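If you want the building blocks of each chain, they are given just below.
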Amino acid sequence: AVSAPPVKKNFSVFRPDPSIDPGKNIANALGETPDEKALIRQIVKATKIAFEGQPTAGRMKNRVSGALTFFVIATSSIYNASEEPNDDAAQVLFDAIDQSIDEIPEFGSMANARKQELYNALIGMAAIPLATYTEGQQNGDAATVQTARQLADELLKMVMKVEPDRVKYSNGGWKFGN
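From a predicted model like this one, the values you see are computed outputs, not experimental measurements.

What follows is about the overall build of the protein chain. Counting its secondary structure elements, the protein chain contains seven helices and two strands. Ordered by position from N to C terminus, the α and β elements of the protein chain give α-α-α-α-α-α-α-β-β. Its C-alpha atoms give the protein chain a radius of gyration of 16 Å, within 12% of the compact-globule value 16 Å for 178 residues. For the protein chain, the spread of C-alpha atoms along the three principal axes comes to 55 × 40 × 30 Å. The buried share of the protein chain, reckoned over its 178 residues, is 42%. A fraction of 70% describes how many contacts in the protein chain between residues 6 or more apart in sequence connect residues 24 or more apart. Carbon and sulfur atoms make up 53% of the accessible area of the protein chain, which totals about 10100 Å².

Where helix α3 (residues 64–80) contacts helix α7 (residues 142–160), the two axes come as close as 8 Å, and the packing angle between them is 135°. Put simply, α3 runs oblique to α7. Where α3 crosses over α7, the two elements pack in a sense that is left-handed. For the pair α3 and α7, contact is made by L68, F71, V72, T75, S76, I78, Y79 and N80 and by A148, R149, A152, D153, L155, L156, V159 and M160, respectively. A class-by-class count of the residues in the contact of α3 with α7 yields eleven nonpolar, three polar and two charged.

Under the criterion given, the structure shown has five aromatic pairs. Their ring planes at 40° and their centres at 4.8 Å tell us that F51 and F70 sit as a pair that is tilted. With a gap of 19 residues between them, F51 in helix α2 (residues 34–53) and F70 in helix α3 connect regions that are remote in the sequence. With a relative accessible area of 2%, F51 lands in the buried category. Seen from their ring centres, W174 and F176 are 6.0 Å apart, and the 25° between their planes marks the pair as stacked. Ring-pair connections join several aromatic residues into one group, and the members of that group are F14, F51, F70 and Y119. The ring of Y79 has R149 lying over it, and the distance from NZ or CZ to the ring centre is 5.1 Å.

What the rule picks out here adds up to nine salt bridges. Between R114 and E117 there is a salt bridge, and its shortest N-O distance comes to 2.7 Å. Of this pair, R114 and E117 both sit in helix α6 (residues 112–139), three residues apart, roughly one helical turn. By relative accessible area, R114 is classed as partly exposed at 39%. Of the charged contacts, one joins D153 and K157 as a salt bridge, the two residues approaching to 3.4 Å between their closest N and O atoms.

Take unusual backbone geometry next. In this structure, N62 is a non-glycine residue whose phi angle is positive, near 60°. Along the chain, N62 falls in the loop between α2 and α3. Residues other than glycine seldom take positive phi values, yet A81 does so here, at roughly 50°. With respect to the secondary-structure elements, A81 resides in the loop between α3 and α4 (87–102).

Of note, Q99 is situated in helix α4. Given the relative accessible area of 34%, Q99 is considered partly exposed. Taking C-alpha positions, Q99 is 16 Å from M110, a pair spaced eleven residues apart along the chain.

Calculation rules
Residues numbered from 1 in each chain as written. Predicted model: local features only at pLDDT ≥ 70, side-chain atom pairs only at ≥ 80, totals over all residues. Heavy atoms only, no water. Helix = DSSP H or I, 4+ residues; strand = E, 2+ residues; numbered from the N terminus. Rg over C-alpha atoms; globule rule 2.2 N^0.38 Å. Buried < 20%, exposed > 50% of the residue type's maximum accessible area, 1.4 Å probe, protein only. Contact = heavy atoms within 4.5 Å. Areas by Shrake-Rupley, 256 points an atom, 1.4 Å probe, with all protein chains shown as cover. Axes fitted to C-alpha atoms, helices over the stretch in contact; angles between N-to-C directions. Parallel < 35°, antiparallel > 145°, perpendicular 65-115°, else oblique. Left-handed = near helix turned anticlockwise from the far one by under 90°. Nonpolar A, V, L, I, M, F, W, Y, C, P; charged D, E, K, R; others polar. Phe/Tyr/Trp six-rings, centres within 6.5 Å; stacked < 30°, edge-to-face > 60°. Lys NZ or Arg CZ within 6 Å of the ring centre and 35° of its normal. Salt bridge = Lys/Arg side-chain N within 4 Å of Asp/Glu carboxyl O.

Spelled out as structure tokens, the structure:
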């Protein structure tokens, strides 16, 4: 017998508060000088605008699951020096993450502001290695690319609680585990 698909609860959706600076918390955590904090805020804001402006980001925008999908794609692609997934593969990952969040009752009662904070943090954490990787690639600087890979490594361990080589997109599909 075929079971019915799970009911969408949309626990990861939030209403954005436009007065919240998406890069403020991460800039304060990572930046030491006012210039460093301003640069980090600028990088996070630009990354968020780019993510939300992608045609495929429609359902992912203003959803914690969308930001986590973006984070996984960005950091795993950088760490593994692999291709980015196509739109269908990104959608499969998003759907799995979104469904998983719908199964966590605490997300259903989580405050809107907290969801936005998580969303911004995930995009912000992806933004730093992305900017570093892009700079290294554009300048042909292998050391900078390696720094981006190390950042992606640590972030995947911290957020996903898994060794980064166990999260990979290759040959048209996602590999989690061995």
